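Observations on chain architecture
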Amino acid sequence: MAVNTTPEAPLPVGEVSRLIGGWIDRLGAVWVEGQITQLSRRPGAGVVFLTLRDPSYDISVSVTCYRQVFDAVADVVSEGARVVVLAKPEWYAPRGQLSLRAAEIRPVGVGELLARLEQLKKALAREGLFAPERKKPLPFLPQLVGLVCGRASAAERDVLENARHRWPAVRFEVRNVAVQGVHAVPQVVQAVKELDAIDDVDVIIVARGGGSVEDLLPFSDEQLIRTVAQCRTPVVSAIGHEPDNPLLDHVADLRASTPTDAAKKVVPDVGEEYERVRLLRDRARRCVAALVDREERGLAHALARPSIQDPHRMIDVRADQVADLLDRARRCLRHQLDRAESELSHTHARVVALSPAATLKRGYAVLQKADGHAVRDPGEVTAGETLRARVSEGEFSVRVDT
């Protein structure tokens, strides 16, 4: 419930602290899960002080409990252990401090941790964070590799030495972080974000050596998984050994069984690449030589053809054939013209022999009346009628006597 205050009528600090305490008292007892980061057991003291931390969000809260409550789990609980606590929030008004009063402490066993991880894995898989189509391909030859690992760790040494042995020119941008404990998750998340923001970084490797299930829990944290899923830079997971399988392996673009394996998968071997280039060069040389030989054989075959060796031969043969045909055509035409001329002469002679002019030349005459009609019968004329007589050399008039 809100409290009405004004600058003229403010609440005293004690009253505000009392109200906060009243609100917190109404919360009641709750079950809380976290990781023990500080543990204080003073000899002879009846109260044990510890700090419970949420590694995913870097939030801590103080917890107190009676010694007999902690002694029940003292053999299996220590700093760094994950526990579930039944506690009631308490407000210490004189100092304005919130704490939890624990009535029961239960250690979180490995089996329970694995069950929770399996539930988280299924939930994230349903969101599509592990889908294969989200995986980004690694560059063939990264110029700058981001590395997230423990300070002076074997994982860092394995990655750097193996990568530089394979490709001496490769460069690294290293971020040393806590790889286990309460500070691991926020530091790894921050390191991944920093490297992803650098444009020159081509790939990011998150590496850690082997360890127990509890040691590798930071690399199954939901916050880290979502951070890696949002990266634009390809991420390689190299956590633990082959049997280890944190959730980071599923969201990463590539899983390496060990840090050494990550170096081998991210950076190509210069010797192998030289050998591959040599083999490809030899193969290309053989292909070109085979192509040149094939083309030379084809050219030699083409040059061996008669049409190439004596290109005018075909023209000469055709020219002779054309000359023969031309002579043959001329002879045929001349023969036809001679025969036509002979036939024309014969026809002309016949026509001349049968023409009226030839008859007239033999002394005959043709008598024609005034109207031009030829006289064929004596009865056609009358005495005293004038006729025209046509002879070979001309014509003249005649008169009929009787």
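Keep in mind that what you see is a predicted model, and the values were worked out from it rather than measured. (Residues numbered from 1 in each chain as written. Predicted model: local features only at pLDDT ≥ 70, side-chain atom pairs only at ≥ 80, totals over all residues. Heavy atoms only, no water.)

Helix and strand counts for the chain stand at 12 helices and 13 strands. For 402 residues, the compact-globule estimate of 2.2 N^0.38 gives 21 Å, and the chain exceeds it by more than 25% at 62 Å. Along the first, second and third principal axes, the C-alpha atoms of the chain reach 200 × 70 × 40 Å. Evaluated residue by residue, the chain yields a buried proportion of 31% over its 402 residues. (Helix = DSSP H or I, 4+ residues; strand = E, 2+ residues; numbered from the N terminus. Rg over C-alpha atoms; globule rule 2.2 N^0.38 Å. Buried < 20%, exposed > 50% of the residue type's maximum accessible area, 1.4 Å probe, protein only.)

Relative to the elements of secondary structure, R390 occurs in strand β12 (residues 386–391). Between the alpha carbons of R390 and L39 there is a distance of 170 Å; along the sequence they are 351 residues apart.

Next up on the list: the side chain of D249. Mapped onto the elements of the fold, D249 is located in helix α7 (residues 248–251). Look at D249 and you get buried, because its relative accessible area is 7%. Only 2.9 Å separates the side chain of D249 from the side chain of R255, close enough to count as a polar contact. Not counting the four nearest positions on each side in its chain, D249 is found in contact with S237, D244 and R255. (Polar contact = N/O pair within 3.5 Å; in protein donor to acceptor, adjacent residues only side chain to side chain. Contact = heavy atoms within 4.5 Å.)

Time to look at the sheet that holds strand β11 (residues 366–368). Ordered by their spatial adjacency, 3 strands build an open sheet running β11-β12-β13, and the pairing between neighbours is antiparallel. Two strands bound the open sheet, and with one partner strand each, they are β11 and β13 (394–399). Going across the sheet, the axis of each strand differs from the next one's by a mean of 30°, ignoring polarity. Where β11 lies against β12, 3 bridges are found, and the strand directions are antiparallel. (Pairing = 2+ DSSP bridges. Axes fitted to C-alpha atoms, helices over the stretch in contact; angles between N-to-C directions.)

Moving on, we come to helix α4 (residues 154–166). Relative to the 18 Å expected for 13 residues at 1.5 Å per residue, α4 spans 18 Å between its end C-alpha atoms, a close match to the ideal helical length. A155, E156, V159, L160, A163 and R166 are the residues of α4 that are buried. One side of α4 holds all its buried residues, which, seen down the axis, span an arc of 145°. Residues of α4 that are exposed and point over 90 degrees away from its buried face: E161 and H165. Residues of α4 that are buried in the fold lie against β6 (144–149), β7 (171–176), β8 (203–208), α8 (259–266) and α9 (270–303). (Expected span 1.5 Å × (residues − 1). Arc of directions from axis to C-beta.)

A separate point is the environment of V83. Residue position: V83 is located in strand β4 (residues 82–92). Along the chain, V83 and L52 lie 31 residues apart, while their C-alpha atoms are 8.7 Å from each other. Ignoring any residue separated from it by four or fewer positions in sequence, one finds V83 in contact with V32, E33, G34, I36, L52, V77, I105, R106, P107 and V108.

In this section: the pairing of β6. In terms of burial, β6 is largely enclosed, as 6 of its 6 residues are buried. Residues L144, G146 and V148 line one face of β6 and the alternating positions V145, L147 and C149 line the opposite face, and both faces are buried. Here β6 runs beside β7; their pairing, made up of 6 bridges, is parallel. Note that in β7 the partner of C149 across the bridge is N176. In this fold, the crossover linking β6 to β7 by way of α4 has right-handed handedness. As paired elements, β6 and β8 share 4 bridges and run parallel to each other. What sits directly across from G146, in β8, is I204. (Right-handed = clockwise from strand over helix to strand, strands pointing away.)

Right, let's talk about a nonpolar patch on the surface for a bit. The grouping of V3, L11, V16 and W23 at the surface amounts to a nonpolar patch, some 300 Å² of accessible area in total. On the secondary structure map, L11 appears in the segment before α1 (13–25). (Patch = residues over 30% accessible without salt bridge, like charges linked within 9 Å, V, L, I, M, F, W, Y side chains within 5 Å. Areas by Shrake-Rupley, 256 points an atom, 1.4 Å probe, with all protein chains shown as cover. Salt bridge = Lys/Arg side-chain N within 4 Å of Asp/Glu carboxyl O.)

Across the interface, α4 lies against α8 with an axial gap of 8 Å and an inter-helix angle of 30°. When the axis of α4 is compared with that of α8, the two are roughly parallel. Every pair of crossing elements has a handedness; the one defined by α4 and α8 is right-handed. Packed against α4, whose contacting residues are A155, D158, V159, N162, A163 and R166, the element α8 presents P259, T260, A263 and K264 at the interface. (Parallel < 35°, antiparallel > 145°, perpendicular 65-115°, else oblique. Left-handed = near helix turned anticlockwise from the far one by under 90°.)

It is worth spelling out the packing of aromatic side chains at this point. Tallied over the full model, the rule gives 0 aromatic pairs. Its guanidinium or amino end placed over the ring of Y66, R101 lies 5.0 Å from that ring's centre, counting from NZ or CZ. (Phe/Tyr/Trp six-rings, centres within 6.5 Å; stacked < 30°, edge-to-face > 60°. Lys NZ or Arg CZ within 6 Å of the ring centre and 35° of its normal.)

All right, on to the nonpolar core then. The biggest cluster of nonpolar side chains holds 29 residues, and the ones touching the most others in it are V148, V188, V206, F219, I225 and L248. Those elements that provide at least two residues to this core are α3 (110–126), β6, α5 (184–197), β8, α6 (222–229), β9 (235–239) and α7. Of all the elements, α5 adds the most residues to this core, at 6 residues. Excluding residues within four positions of it along the chain, I225 makes contact with L124, L129, F130, F219, S220, L247, L248 and V251. (Core = buried A, V, L, I, M, F, W, Y, C linked by side-chain atoms within 4.5 Å.)

What follows concerns a positive patch on the surface. A surface patch of like charges, here positive, comprises R328, R330, R331 and R334. Inspection of the secondary structure puts R328 in helix α11 (residues 313–354). We classify R328 as exposed; its relative accessible area is 54%. (Lys, Arg positive; Asp, Glu negative; His and termini not counted. Charge placed at Lys NZ, Arg CZ, Asp CG, Glu CD.)

A few words on the layout of surface pockets. When its volume is computed, the largest pocket comes out at roughly 670 Å³. Around the largest pocket, the lining is made up of 28 residues, and of these E33, P55, R82, L217 and D221 lie nearest the centre. Those elements giving two or more residues to the lining of the largest pocket turn out to be β1 (30–40), α3 and α6. Per element, the largest residue contribution to the lining of the largest pocket is 4 residues, and it comes from α3. Its residues placed into classes, the lining of the largest pocket shows 12 nonpolar, 8 polar and 8 charged. (1 Å grid on protein atoms, 1.4 Å probe; cavity = no way out; pocket = protein on both sides within 12 Å on 5 of 7 lines; lining within 4 Å. Points joined across faces, edges and corners; volume = space filled by probe spheres on them. Nonpolar A, V, L, I, M, F, W, Y, C, P; charged D, E, K, R; others polar.)

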